[in-house]
Amino acid sequence: MKNIIIFGAPGSGKGTYSEAIMEKYGMGHISTGDVLRAEIKQGTQLGKIAQGYIDQGQLIPDELMVNILAKVYDEMPAGKGVIFDGFPRTIPQAEALKKMLAERGHEMGMMIELVVTEDILLMRLLRRAIEQGRADDNEETIRKRFNVYHTQTAPLAEWFEKEGIRHIVSWEEHPSKEEMIARVFQVIEEENA
Ligand code: ATP
Ligand code: MG
């Protein structure tokens, strides 16, 4: 399987679709958000640094993030393809990912962009705040994260377009989770056919 980069705004469902893809195709999964939250929980030095940024809805600095990513990538089982969930989030991160993979003789594979309207995103994140109690899922921090997404991350979609690997899965209405998963699988299968 080709590597897959899952791209989208906070609350767009990157984690949900990554899990579904991982189960169906047996790929590896790297969620940078989950990696950082685990470090915070364990109270590591990295966790302490990360917490300050996450609580403010800001991104962790690129250089730090790129080093973490390379380390986690090298621990993945070889040959099955990896789902990148929440990385890259800036153009320097994307450039670094491309280079890091090339050095290992690997490719980025495909990017899947999840497009969801902002009112649905907000509704989902506020619900997740109740269900999972994530500290950064409060309305003030969510607004900051949207802002960071629009200014720093969204421009990256064009970068992937130029790389020729951008695939958009978009829903303006409210299709079921199952329907949305089926559409994501379809895009993956067309690409790997
Ligand atoms: P989703 O709801 O789709 O899972 P999200 O944006 O709400 O996405 P995470 O991807 O878990 O949540 O990220 C949470 C926080 O972790 C970000 O707001 C940011 O502070 C930090 N973070 C995660 N990935 C990166 C990255 N690639 N670069 C910089 N900071 C990151
Ligand atoms: Mg996530």
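Here the structure is shown first, and the text comes after it.
Residues numbered from 1 in each chain as written. Chains lettered and ligands numbered in written order. Predicted model: local features only at pLDDT ≥ 70, side-chain atom pairs only at ≥ 80, totals over all residues. Heavy atoms only, no water.

Draft legend 1. Layout of the site of ligand 1. Taken together, 23 residues surround ligand 1, and among them Lys14, Gln58, Arg89, Arg128 and Arg145 come closest. The separation between an oxygen atom of ligand 1 and a polar side-chain atom of Lys14 is 2.8 Å. Arg89 places a polar side-chain atom, nitrogen or oxygen, 2.6 Å from an oxygen atom of ligand 1. Burial of ligand 1 by the protein chains amounts to 97% of its free accessible area of 630 Å². Element by element, the count of residues in the shell around ligand 1 is highest for helix 2 (residues 32–42), at four residues. Residue composition of the shell around ligand 1, grouped by class: eight nonpolar, eight polar and seven charged. (Near = heavy atom within 4 Å. Polar contact = N/O pair within 3.5 Å; in protein donor to acceptor, adjacent residues only side chain to side chain. Areas by Shrake-Rupley, 256 points an atom, 1.4 Å probe, with all protein chains shown as cover. Helix = DSSP H or I, 4+ residues; strand = E, 2+ residues; numbered from the N terminus. Nonpolar A, V, L, I, M, F, W, Y, C, P; charged D, E, K, R; others polar.)

Draft legend 2. Highlighting the side chain of Arg124. Residue placement: Arg124 occurs in helix 6 (residues 118–132). A distance of 3.4 Å separates a polar atom in the side chain of Arg124 from the backbone oxygen of Ser12.

Draft legend 3. Expanded view of the pattern of salt bridges. Taken as a whole and judged by the stated rule, the model has 17 salt bridges. A salt bridge links Arg127 to Glu131; its shortest N-O distance comes to 4.0 Å. Of the two residues, Arg127 and Glu131 are both situated in helix 6; the distance of four residues between them amounts to about one turn of the helix. (Salt bridge = Lys/Arg side-chain N within 4 Å of Asp/Glu carboxyl O.)

Draft legend 4. View of the nonpolar core. One finds Ile21, Phe84, Leu97, Ile112 and Phe160 to be the most contacted residues of the largest nonpolar core, which totals 57 residues. Each residue touching Ile112, except ones within four places of it in the same chain, is listed here: Ile4, Ile5, Ile6, Phe7, His167, Val169, Val184, Val187 and Ile188. (Core = buried A, V, L, I, M, F, W, Y, C linked by side-chain atoms within 4.5 Å. Buried < 20%, exposed > 50% of the residue type's maximum accessible area, 1.4 Å probe, protein only. Contact = heavy atoms within 4.5 Å.)

Draft legend 5. Just the environment of Ile54, in detail. Here Ile54 lies in helix 3 (residues 45–55). The exposure class of Ile54 is buried, given its relative accessible area of 15%. When the C-alpha atoms of Ile54 and Thr141 are compared, they prove to be 8.9 Å apart, with 87 residues separating the residues in sequence. Setting aside chain neighbours within four positions, we find Ile54 in contact with Leu36, Ile40, Ile60, Asp136 and Thr141.

In short, the description is geometric, and any link to function would need to be established separately.
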